[in-house]
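The primary structure of each chain is shown beneath.
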Amino acid sequence: MTASSGPLVLAVESSCDETGIALIEDGSRIRSNVVASQVALHAPAGGIVPEVAARAHLRWILPVLDEAWRDAGASWDDVGAVAVTRGPGLAGSLLVGINVAKTLAWVHDKPLVGVNHLEGHVYAAWLRDPGQDAGELPAFPLVALVVSGGHTFLVEMTDHLTYRLLGQTVDDAAGEAFDKVGRLLGLDYPGGPAIQRAAQTASRHDAAFPRAWLGDSYDFSFSGLKTAARRTVDAARADAGLREPEELLPHAVVAELAWGFQDAVVDVLVTKTIRAAEETGARSIVLGGGVAANGALRTRLAGEAEARGLPLIVPRPALCTDNGAMIGAAGARRFAAGERADLALDASPSLPLARR
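The present account deals with the structure reproduced in this document. (Residues numbered from 1 in each chain as written. Predicted model: local features only at pLDDT ≥ 70, side-chain atom pairs only at ≥ 80, totals over all residues. Heavy atoms only, no water.)

## A closer look at the packing of helix H5 (residues 174-184) against helix H8 (residues 251-280)
As a packed pair, H5 and H8 sit with axes 11 Å apart at the nearest point and diverge in direction by 170°. The pairing of H5 with H8 is recorded here as roughly antiparallel in orientation. Contacts between H5 and H8 involve Ala174, Ala177, Phe178 and Val181 from the first element and Phe261, Gln262 and Val265 from the second. Looking at the contact of H5 with H8 residue by residue, the class counts come to 6 nonpolar, 1 polar and no charged. (Axes fitted to C-alpha atoms, helices over the stretch in contact; angles between N-to-C directions. Helix = DSSP H or I, 4+ residues; strand = E, 2+ residues; numbered from the N terminus. Parallel < 35°, antiparallel > 145°, perpendicular 65-115°, else oblique. Contact = heavy atoms within 4.5 Å. Nonpolar A, V, L, I, M, F, W, Y, C, P; charged D, E, K, R; others polar.)

Shown next, in the form of structure tokens:
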């Protein structure tokens, strides 16, 4: 076993369709981080089926735990606490992770900490891989943009664990819009990576999609964009003489439409985030959530932040999607602040990170 400089946090994440378990050292250093993905399982349905997701968590959570222990080279003597996602997420999926975490904490007499999944996406910005230098850490006050399949929001952080909600989606999350539009374009599930790949092959960059600015607010809306995308795709299919659902648009058309849709989403996300950073006097920007793995979003936000002298901290793509390490980072911070949960801890599917 490799000696650690402090107790490890064993973290469990099962909020949606990824079974993740990690062991985190000193609140930021990854000792192990194992994820069992269900993407292939849900691909035929084009979206996550909650009951199927919960059953898959039951199947994989103990093998993932075993692998996390092997990768970390640690034992229960090295663990100071057990952290687990308590919400938001799918109720059935959450309950699998919560009950496993409660059982482990009780059997091994370890403190239990409940973690907000969204806070995990924020704290992924503090994670470090084995052997990785500390690098540039987020500086307070900061603005954090979290963009995923189920959530899109902006918060201001003036210190650790302190949030002020600036804006959030009033309807659909950006990731959900990517999935729906990807399906309209005949692309693979999940839609985000598929749209990014298609958009990279676009040459004209002339497809125009609307932006929902919602006045001066920091809120987001993507339902109108989805409707516009449907109409645009229907028009393109009519122009191409396609009448049957199984008939696919030419790749060049798909590429241009994918680029236009992605550009519309990225434009709104980046513009509002930069404006929020300027108006709050932020010293850094954090980007998290599954959509933060999108190259166009990362590149555009990095360029806008650099132009204003603002550091942008974005986890590597595998740490943007759901994983146990981010729950360990947030859980370690909550544990250090004295927070503890008891065995009555329950799932909270609609748990907010912050309220106005």
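## Regarding the sheet that holds strand S6 (residues 142-147)
In space, the 5 strands of this open sheet follow the order S8-S7-S6-S9-S10, with mixed pairing throughout. Looking at which strands have only one partner, the edges of the open sheet turn out to be strand S8 (162-168) and strand S10 (312-313). Relative to strand S9 (residues 284-288), S6 runs parallel, the two sharing 5 bridges. Across the sheet, residue Leu145 finds its bridge partner in S9, namely Leu287. Docked against the sheet, H8 engages S6, strand S7 (152-159), S8 and S9, running at close to 160° with respect to S6. (Pairing = 2+ DSSP bridges.)

## Description of a nonpolar patch on the surface
Nonpolar side chains collect at one region of the surface, where Leu41, Val49 and Val52 lie side by side and expose about 210 Å² of accessible area between them. By the element assignment, Leu41 lies in helix H1 (residues 39-42). (Patch = residues over 30% accessible without salt bridge, like charges linked within 9 Å, V, L, I, M, F, W, Y side chains within 5 Å. Areas by Shrake-Rupley, 256 points an atom, 1.4 Å probe, with all protein chains shown as cover. Salt bridge = Lys/Arg side-chain N within 4 Å of Asp/Glu carboxyl O.)

## Overview of the pairing of S7
Of all 8 residues making up S7, 6 are buried, and the element is well covered by its neighbours. Hairpin connection, S6 to S7: the antiparallel pair is bridged by 4 residues. One ladder, built from 6 bridges, connects S7 with S8; its direction is antiparallel. If you follow Val155 over to S8, its bridge partner there is Leu165. (Buried < 20%, exposed > 50% of the residue type's maximum accessible area, 1.4 Å probe, protein only.)

## Points about the nonpolar core
With 50 residues, the main nonpolar core has Leu154, Phe209, Phe222, Leu257, Phe261, Val265 and Leu269 as its most contacted residues. Those elements giving two or more residues to this core turn out to be S6, H5, helix H6 (191-199), helix H7 (223-239), H8, S9 and helix H9 (295-307). The element contributing the most residues to this core is H8, with 15 residues. Setting aside residues up to four positions removed in sequence, Leu154 forms contacts with Val143, Ala144, Leu145, Arg164, Leu165, Leu166, Gly167, Tyr218, Phe220, Lys272, Thr273 and Ala276. With 36 residues, the next largest nonpolar core counts Ile30, Trp126, Met326 and Leu353 among its residues. (Core = buried A, V, L, I, M, F, W, Y, C linked by side-chain atoms within 4.5 Å.)

## Quick notes on the packing of aromatic side chains
In this structure the tally under the stated criterion is 6 aromatic pairs. The interplanar angle of 85° and the centroid separation of 6.4 Å between the aromatic rings of Phe209 and Phe261 together place this pair among those described as edge-to-face. Of the two residues, Phe209 sits in the loop between H6 and H7 while Phe261 sits in helix H8, which places them 52 residues apart along the sequence. The interplanar angle of 10° and the centroid separation of 6.3 Å between the aromatic rings of Phe220 and Phe222 together place this pair among those described as stacked. (Phe/Tyr/Trp six-rings, centres within 6.5 Å; stacked < 30°, edge-to-face > 60°.)

## Thoughts on the environment of Leu104
Residue placement: Leu104 occurs in helix H3 (residues 91-107). Taking relative accessible area as the criterion, Leu104 reaches 14% and is therefore assigned buried. Sequence separation between Leu104 and Val170 is 66 residues, and the spatial gap between their C-alpha atoms is 38 Å. If near-sequence neighbours (up to four positions away) are discounted, Leu104 is found in contact with Leu10, Leu65 and Trp76.

## Here's the deal with the sheet that holds strand S5 (residues 112-116)
Here 5 strands make up an open sheet; going across it, the order is S3-S2-S1-S4-S5 and the pairing mixed. Of all strands in the sheet, those bounded by a partner on one side alone are strand S3 (29-37) and S5. The sheet shows a mean angle of 20° between the axes of neighbouring strands, taken without regard to direction. Summarising the sheet, strand S1 (residues 8-13) and strand S2 (residues 18-25) pair through 6 bridges and their orientation is antiparallel.

Everything listed here is a matter of geometry and, on its own, says nothing about what the molecule does.
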